[in-house]
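Fold and geometry: a report
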Amino acid sequence: MSLRYFNAAGAWEDHGEDHDPETHLIPRLLRSLLVPGETFAVFGDDYATPDGTCIRDYVHVDDLAEAHVRALARLQAGTSRIVCNLGTGSGHSVREVIECARVVTGREIPA
């Protein structure tokens, strides 16, 4: 079985996540809201994308876990081989993620 992830995002509801230091876009973005006057640093603005920032396909960890369960069930049912990309098929740029966080939180996020 080969399950190829794109960009895993989110946390399992009951357990959360802990990265030290934090390197992931969404948690860093949301943490920047906790520091008054903080400007969120965007690294890279020269990509060949509509807004110049990189585009990634984010897939939630719950969906990845579900894909594993389903793939294992298929293997147990007799499927001999599974090769699958795990993603949404739709990418979002860094600036789009920032705008989404602004909408969801109702707060300005200087970037």
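So, here's what we can say about the structure. (Residues numbered from 1 in each chain as written. Predicted model: local features only at pLDDT ≥ 70, side-chain atom pairs only at ≥ 80, totals over all residues. Heavy atoms only, no water.)

Take the overall build of the protein next. Each helix and strand counted, the protein has three helices and six strands in total. Written out in order from the N terminus, the α and β elements of the protein read β-β-α-β-β-α-β-β-α. At 17 Å, the protein has a C-alpha radius of gyration far larger than the 13 Å of a compact globule built from 111 residues. For the protein, the spread of C-alpha atoms along the three principal axes comes to 55 × 35 × 25 Å. Counting the 111 residues in the protein, one finds 23% classified as buried. Across the protein, contacts joining residues at least 24 apart in sequence account for 73% of those joining residues at least 6 apart. A gap of 7 Å separates the mean positions of the 10 positive and 17 negative side-chain charges of the protein. (Helix = DSSP H or I, 4+ residues; strand = E, 2+ residues; numbered from the N terminus. Rg over C-alpha atoms; globule rule 2.2 N^0.38 Å. Buried < 20%, exposed > 50% of the residue type's maximum accessible area, 1.4 Å probe, protein only. Contact = heavy atoms within 4.5 Å. Lys, Arg positive; Asp, Glu negative; His and termini not counted. Charge placed at Lys NZ, Arg CZ, Asp CG, Glu CD.)

With that out of the way, let us pick up the side chain of E22. For E22, the position within the fold is in the loop between β2 (7-9) and α1 (25-32). The buried charged residue E22 lacks any salt bridge partner; its closest oppositely charged side chain belongs to R31, at an N-O distance of 4.0 Å. A polar contact is formed between the side chain of E22 and the backbone nitrogen of H24, at a distance of 2.9 Å. Apart from the residues within four sequence positions on either side, E22 is in contact with P27, R28 and R31. (Salt bridge = Lys/Arg side-chain N within 4 Å of Asp/Glu carboxyl O. Polar contact = N/O pair within 3.5 Å; in protein donor to acceptor, adjacent residues only side chain to side chain.)

The end-to-end C-alpha distance of helix α2 (residues 61-76), which contains 16 residues, comes to 23 Å, matching closely the 22 Å that a straight helix rising 1.5 Å per residue would cover. Taken as a whole, α2 has its buried residues at L64, A67 and A71. Within α2, the buried residues cover an arc of 55° as seen down the axis, which keeps them to one side. Away from its buried face by more than 90 degrees, α2 exposes V69, R70 and Q76. Elements in contact with the buried residues of α2: β1 (2-5), β2, β4 (58-60) and β5 (83-86). In the segment just after α2, G78 is the residue with positive phi, at about 115°. (Expected span 1.5 Å × (residues − 1). Arc of directions from axis to C-beta.)

A9, L25, L29, L33, F40, C54, Y58, V94, V97, I98, A101 and I109 form the largest nonpolar core, which has 12 residues in total. Elements with a contribution of two residues or more to this core: α1 and α3 (94-105). In this structure, L3, V59, A67 and I82 belong to the second largest nonpolar core, which totals seven residues. (Core = buried A, V, L, I, M, F, W, Y, C linked by side-chain atoms within 4.5 Å.)

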